[in-house]
Amino acid sequence: MEIFAQQIVNGLVLGSIYALVALGYTMVYGILGLINFAHGDITMIGALVSLAIIQLLAAAGLPAPVILLLAGSGAVVVCATLGLSIERVAYRPLRRAPRLAPLITAIGVSILLQYSAALVWGKQYISLPQIIEPAQFTIFGAQLTSLQAAIFLLACLIMAGLLWFIKTSRMGRAMRATEQNPDVAGLMGVNTNSVIAFTFVLGSAIGAVAGLMVVLYYGLGHYFMGFMLGLKAFTAAVLGGIGNVGGAVLGGLLLGVIESLAAGYIGDLTGGVLGSNYRDIFAFLVLVLVLVLRPSGLLGHRGGDRV
Amino acid sequence: MSASAPWRRVAWVVIALLLLAAPFLIEILFGRTWVRITDVALLFIMLALGLNIVVGFAGLLDLGYIAFFAVGAYCYALLASPQLGMHWPFLVLLPLGAMVAAVFGILLGAPTLRLRGDYLAIVTLGFGEIIRVLLNNLNRPVNITNGPQGITLIDPLQIGGFSLAQTHSFAGLTFTALHNYYFVFLACAVLSIIISRRLEDSRIGRAWVAIREDELAAASMGINTRNMKLLAFAMGATFGGVAGGLFASFQGFISPESFHLIDSIMVLCMVVLGGMGNVAGVVLGAVLLTVLPEALRYIGPLQQRWFGEVFIDPSDLRMLLFGLALVLMMLFRPSGIWPARRRKAEENHAAG
């Protein structure tokens with residue numbers, strides 16, 4: 001039972017990070033109907049930028065909270081700029097093109113980001129300098145560090161803030177209008193171009209924070225880390241119902257828990273035949289199952305293709 | 001047309017003769033390494049043509065195509081190497097590999113083809129990764145794939161008593177293993193081109209184009225879209241499976257590392273850059289993207305000589321250029337270097 005509680009806690013913490021990345025996928029998909037393949041790699045850039053800032057400032061001997069705040073803001077600024085320019089250069093000209101075209105540029109951008117990162121930071125794993133000594137405490141029989149708790153709480157705060165923003169603010173209303181029908185939204189005086197650009201900026205900024213969290217959680221960064229993270233976050237978005245912001249949150253948390261339970265128990269269940277090296281497969285199995293059984297996801301609405 | 005017919009015939013004869021003489025000419029002009037590169041280029045032509053059926057004809061974006069190549073390669077390697085102690089003949093294994101790959105194609109396609117195109121891209125991406133993870137981990141508890149070490153000592157191709165790995169002399173020419181494989185690969189590549197061309201103009205090919213352009217309209221016209229899409233997947237997978245078997249016998253060694261996501265992307269680049277849906281364009285793309293990265297290898301030593309150190313690893317530079325090429329092609333020339341006639345017509349139509 002203690003193992004069970006432990007896996008649930010681990011899963012929720014990891015899942016809250018997935019959920020943050022999934023938000024970026026789902027918002028862009030909701031508005032443009034485009035899978036932004038590069039989003040996982042934007043998160044990777046956020047992670048590596050914040051790692052670089054932490055390394056720099058840790059050497060200068062600043063206190064940990066200041067370092068983390070600066071690292072987070074640095075990553076947010078870099079990623080938001082990146083998201084904005086990618087949308088402007090690679091996606092906007094193709095908005096009326098056949099579906100395959102923006103998908104292929106998205107893959108191109110993703111490769112560009114990965115290998116630019118490899119060029120800047122090298123291909124080896126970069127480890128996080130020890131700047132914080134997280135306190136350990138026990139909750140429901142599960143071990144939890146203060147760092148994990150902080151990650152989870154911050155993620156929840158961001159998600160709640162985003163939901164509130166989309167529901168109540170003027171920009172949020174414009175985003176919802178554009179999502180429903182960009183042409184009509186345009187006629188109603190919504191500047192759809194700036195709404196779409198804003199969506200990319202927002203998604204990338206949240207991705208940057210998620211990147212910092214991944215670095216703190218695993219203590220490592222790598223130029224290819226965005227790939228698996230992106231695949232899982234996308235799965236989370238599909239699980240919750242792609243295009244649905246609340247769904248991304250639910251899907252992320254669920255996926256984290258499923259993955260962590262599966263990885264924790266697969267060894268016992270199969271008598272040691274399959275080990276946790278199959279961990280990364282679960283996300284994919286979930287994805288296929290959801291797509292087969294309920295393609296609209298848990299919270300998505302079922303709708304036919306528009307002619 | 002009739003006046004130019006004799007010239008066309010002469011041109012074809014010249015091309016055929018050049019292709020037959022190519023390995024010897026290339027060996028004299030550029031050295032043995034480039035004969036090997038030519039062999040690999042022929043394999044990639046087969047792969048790219050297979051992916052072209054899926055992406056170019058039917059418009060289904062497959063990002064895990066290399067998995068079928070891997071399935072074909074492992075199918076051959078397992079049944080013709082000391083790994084499982086089996087040494088089946090090549091003429092049995094080639095169709096078997098093709099069939100197994102086709103079955104995998106259908107297995108992947110069946111649950112996902114009902115979905116929108118972009119979901120398919122992600123699922124195929126995951127499928128490619130899963131195949132690699134399985135190949136890496138199926139060495140426990142029973143050792144099937146030998147894990148990350150890969151399979152060695154794979155039997156070379158042998159047709160009757162004629163082994164392609166040995167050097168043969170014929171009509172005053174020496175045929176080394178590289179030459180022998182060249183001719184087998186050439187035959188397979190030419191066959192793939194013919195099949196692709198015939199498919200393109202067939203009832204099936206036109207059904208694929210209809211699905212690509214508008215699935216709903218195609219279905220209303222009585223095309224069984226699900227079966228047609230499955231057929232495209234199975235056909236594409238078959239090409240990959242055959243190429244995989246040939247690759248395994250040619251290399252004599254395979255490991256999961258040869259079947260990375262990056263390789264899927266590379267084959268996709270060949271199709272996209274060459275010209276989605278146009279057989280000649282795809283062949284051109286495959287040749288260009290096999291030869292250019294090889295040429296990029298010289299950049300490493302050049303950097304060393306000019307700057308005293310290597311700034312950009314040639315393989316990283318290759319990936320950067322691939323990424324850039326994908327973006328730029330989609331922005332400025334979406335139908336490829338050598339576009340399909342139909343696509344070009346559509347583009348002009350859309351512009352006017």
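Everything numeric in this text was worked out from a predicted model, so none of it was measured.

About the criteria used
- Residues numbered from 1 in each chain as written.
- Chains lettered and ligands numbered in written order.
- Predicted model: local features only at pLDDT ≥ 70, side-chain atom pairs only at ≥ 80, totals over all residues.
- Helix = DSSP H or I, 4+ residues; strand = E, 2+ residues; numbered from the N terminus.
- Rg over C-alpha atoms; globule rule 2.2 N^0.38 Å.
- Contact = placed C-beta atoms within 7 Å.
- Buried ≥ 20, exposed ≤ 12 C-beta atoms within 10 Å, placed from the backbone.
- Nonpolar A, V, L, I, M, F, W, Y, C, P; charged D, E, K, R; others polar.
- Domains from an automatic or database assignment.
- Core = buried A, V, L, I, M, F, W, Y, C linked by C-beta atoms within 7 Å.
- Pairing = 2+ DSSP bridges.
- Axes fitted to C-alpha atoms, helices over the stretch in contact; angles between N-to-C directions.
- Left-handed = near helix turned anticlockwise from the far one by under 90°.

Enquirer: Before we go on, may I ask you to explain the overall build of chain A in this structure?
Expert: Scanning chain A for helices and strands turns up eleven helices and four strands. Its C-alpha atoms give chain A a radius of gyration of 19 Å, near enough to 19 Å, the size a compact globule of 307 residues would have. Counted over contacts in chain A with a minimum sequence separation of 6, partners at least 24 positions apart contribute 78%.

Enquirer: Just to check I follow, could you spell out unusual backbone geometry for this structure?
Expert: Most peptide bonds take the trans configuration, and most residues that are not glycine carry a negative phi. Residues and elements named next belong to chain B. Of note, Leu153 is a non-glycine position whose phi angle comes to about 55°, a positive value. If you trace the backbone, Leu153 turns up in the loop between helix H5 (117-137) and strand E3 (158-159). Residue Leu153 is classed as exposed on the basis of its C-beta count, with 11 C-beta atoms lying within 10 Å.

Enquirer: Which parts of the structure should I look at to understand the interface of chain A and chain B?
Expert: Interface size is commonly expressed as the accessible surface area that is lost when the partners come together. Contacts between chain A and chain B engage 35 residues on the former and 32 residues on the latter. The greatest single-element share of the side of chain A that touches chain B, amounting to 14 residues, is contributed by helix H4 (residues 100-121) of chain A. For the side of chain A that touches chain B, the residue count by class is 28 nonpolar, four polar and three charged.

Enquirer: Where do I start with the domain arrangement of chain B in this structure?
Expert: Residue and element names in this part refer to chain B. According to the domain assignment, chain B contains domain 1 (1-30) and domain 2 (32-260). Summarising the inter-unit geometry, the C-alpha centres of domain 1 and domain 2 are found 28 Å apart. Across the contact, seven residues belong to domain 1 and nine residues belong to domain 2.

Enquirer: Just checking my understanding: could you explain the environment of A:Leu84 for this structure?
Expert: All names here are of chain A. For Leu84, the location among the structural elements is in helix H3 (residues 64-91). Judged by the 15 C-beta atoms lying within 10 Å of it, Leu84 is partly exposed. Put simply, Leu84 and Val288 are 204 residues apart on the chain and 31 Å apart in space, counted from C-alpha to C-alpha. Ignoring anything within four residues of it in the chain, the contact list for Leu84 reads Ala197, Phe200 and Val201.

Enquirer: Sorry, what's going on with the nonpolar core here?
Expert: Soluble globular proteins: nonpolar side chains tend toward being buried together. Counting 208 residues, the largest nonpolar core has A:Ala19, B:Ala48, B:Ala232 and B:Met270 as its most contacted members. Apart from the residues lying within four places of it in its own chain, the contact partners of B:Met270 are B:Phe44, B:Ala48, B:Val282, B:Gly285, B:Ala286 and B:Leu289.

Enquirer: Whenever I open this one, the environment of B:Glu27 confuses me. Can you help?
Expert: Residues and elements named next belong to chain B. Here Glu27 lies in helix H1 (residues 5-30). As a C-alpha pair, Glu27 and His179 span 152 residues in sequence and 9.6 Å in three-dimensional space. Excluding residues within four positions of it along the chain, Glu27 makes contact with Arg32 and Val35.

Enquirer: What should I look at first to understand the pairing of strand E3 (residues 142-145) of chain A in this one?
Expert: Within a regular strand, the side chains alternate between the two sheet faces. Residues and elements named next belong to chain A. With four bridges connecting them, strand E2 (residues 136-139) and E3 associate as antiparallel partners. Of the residues in E3, the one forming a bridge with Ile139 is Ala142. Joining the antiparallel neighbours E2 and E3 is a turn of two residues, in which Phe140 adopts a positive phi near 50°.

Enquirer: What is the right way to read the packing of helix H1 (residues 2-32) of chain A against helix H5 (residues 146-168) of chain A from this model?
Expert: The angle between the axes and the distance between the axes are what describe a pair of packed helices. All names here are of chain A. The contact between H1 and H5 brings their axes to 9 Å, and the two run at 35°. As H1 runs across H5, the sense of the crossing is left-handed. On H5, the residues that touch Leu12, Val13, Ser16, Ile17, Ala19, Leu20 and Leu23 of H1 are Gln148, Ile151, Phe152, Ala155, Cys156, Ile158, Met159 and Leu162. Of the residues assigned to the contact of H1 with H5, the class counts are 13 nonpolar, two polar and no charged.

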